[in-house]
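# A structural walkthrough
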Amino acid sequence: DHGVALINRTRLVMTLIGVALILFTAGWAGRIAGSWAAVAAAALLALDPTVLAHAPLLKNDVPMALVMLLTVIVTWRAGQSITWANAIGLAVLCGLAINVKLSAVILPGIVAMCLGVRALMREDWVVLGHKIKSRAARLAVVPVMLLLIGGSIVLITWSAYGFRFAPSSNPALGFQPDE
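Overview of the structure. Remember, it's a predicted structure, so these values are computed and weren't measured experimentally. (Residues numbered from 1 in each chain as written. Predicted model: local features only at pLDDT ≥ 70, side-chain atom pairs only at ≥ 80, totals over all residues. Heavy atoms only, no water.)

## Looking at the environment of Ala46
Inspection of the secondary structure assignment puts Ala46 in helix 2 (residues 35–46). When the C-alpha positions of Ala46 and Gly18 are compared, they lie 8.7 Å apart, and in sequence the two are 28 residues distant. Contacts of Ala46, omitting those with residues within four sequence positions, involve Ile22 and Leu52. (Helix = DSSP H or I, 4+ residues; strand = E, 2+ residues; numbered from the N terminus. Contact = heavy atoms within 4.5 Å.)

Spelled out as structure tokens, the structure:
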């Protein structure tokens with residue numbers, strides 16, 4: 001049956017997203033606290049009843065957790081040094097997050113707060129290969145990053161809707177105001 005095959009394929013893809021969540025969590029824990037932390041994090045997440053229950057379902061909870069985790073990782077990396085890869089990665093991840101789950105609309109604000117705190121720190125901040133020494137110059141980086149993130153959100157959302165302005169891809173279903 002075609003319907004059952006479709007559901008099974010989607011469950012496989014969603015399960016793979018769950019596996020990716022576990023692997024990225026383990027990788028991040030390993031980077032922060034070593035290999036034992038990686039093993040513990042992977043085991044705890046792999047045996048978590050919520051992950052076990054939701055990973056194979058066609059829902060946006062596990063994909064959202066993965067996108068949020070990746071956003072945290074890239075935000076941390078940008079706090080160390082903003083490279084083109086980090087800047088574009090943050091912008092794309094924020095755009096993806098909002099399209100995975102609308103509640104991620106707060107994510108750019110959270111990223112901006114994190115980068116703002118980083119800008120207020122005393123240490124120089126390397127931005128695109130240049131050491132930024134003054135606090136004012138470091139703070140100026142934050143709105144630039146927000147503009148990049150905002151542009152990415154618009155572009156990714158527009159692409160998710162097929163680069164169209166009409167409410168539907170079917171021209172017969174256009175907006176018809178009541179007369």
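## Quick word on the nonpolar core
One finds Ile82, Leu90, Val111, Leu115, Trp125 and Met145 to be the most contacted residues of the largest nonpolar core, which totals 26 residues. Residue assignment for this core shows that the elements contributing at least two residues are helix 4 (61–80), helix 5 (84–100), helix 6 (107–120), strand 2 (125–127) and helix 7 (135–160). The greatest single-element share of this core, amounting to seven residues, is contributed by helix 5. Among residues more than four places away in sequence, those in contact with Val111 are Thr71, Thr75, Leu90, Cys94 and Ile149. Trp28, Ala42, Leu45 and Leu66 belong to the second largest nonpolar core, which has 14 residues in total. (Core = buried A, V, L, I, M, F, W, Y, C linked by side-chain atoms within 4.5 Å. Buried < 20%, exposed > 50% of the residue type's maximum accessible area, 1.4 Å probe, protein only.)

## What about the side chain of Asn86?
Residue position: Asn86 is located in helix 5. When near neighbours in sequence (up to four residues on either side) are disregarded, Asn86 contacts Val74, Arg77, Ala78 and Ser81.

## Notes on the packing of helix 5 against helix 6
The geometry of helix 5 relative to helix 6 is characterised by a closest axis approach of 9 Å and an angle of 150° between their N-to-C directions. By the angle between their directions, the pair helix 5 and helix 6 is classed as roughly antiparallel. Contact residues: Leu90, Cys94, Ala97 and Ile98 in helix 5; Leu107, Pro108, Val111 and Leu115 in helix 6. Here the residues of the contact of helix 5 with helix 6 sort into eight nonpolar, no polar and no charged. (Axes fitted to C-alpha atoms, helices over the stretch in contact; angles between N-to-C directions. Parallel < 35°, antiparallel > 145°, perpendicular 65-115°, else oblique. Nonpolar A, V, L, I, M, F, W, Y, C, P; charged D, E, K, R; others polar.)

## What about the pattern of salt bridges?
Tallied over the full model, the rule gives three salt bridges. Where Lys101 meets Asp61, a salt bridge forms, and the shortest distance between an N and an O atom there is 3.1 Å. Pair noted here: Lys101 is in the loop between helix 5 and helix 6 and Asp61 is in helix 4, with a separation of 40 residues, a long-range link. Across the pair Asp124 and Lys133 runs a salt bridge, and its minimum N-O distance is 3.1 Å. Under the relative-accessibility criterion, Asp124 is labelled partly exposed at 29%. Take Lys133: its relative accessible area is 56%, and that puts it in the exposed class. Salt bridges here are not isolated pairs; linked through shared partners, they connect Lys59, Asp61 and Lys101. (Salt bridge = Lys/Arg side-chain N within 4 Å of Asp/Glu carboxyl O.)

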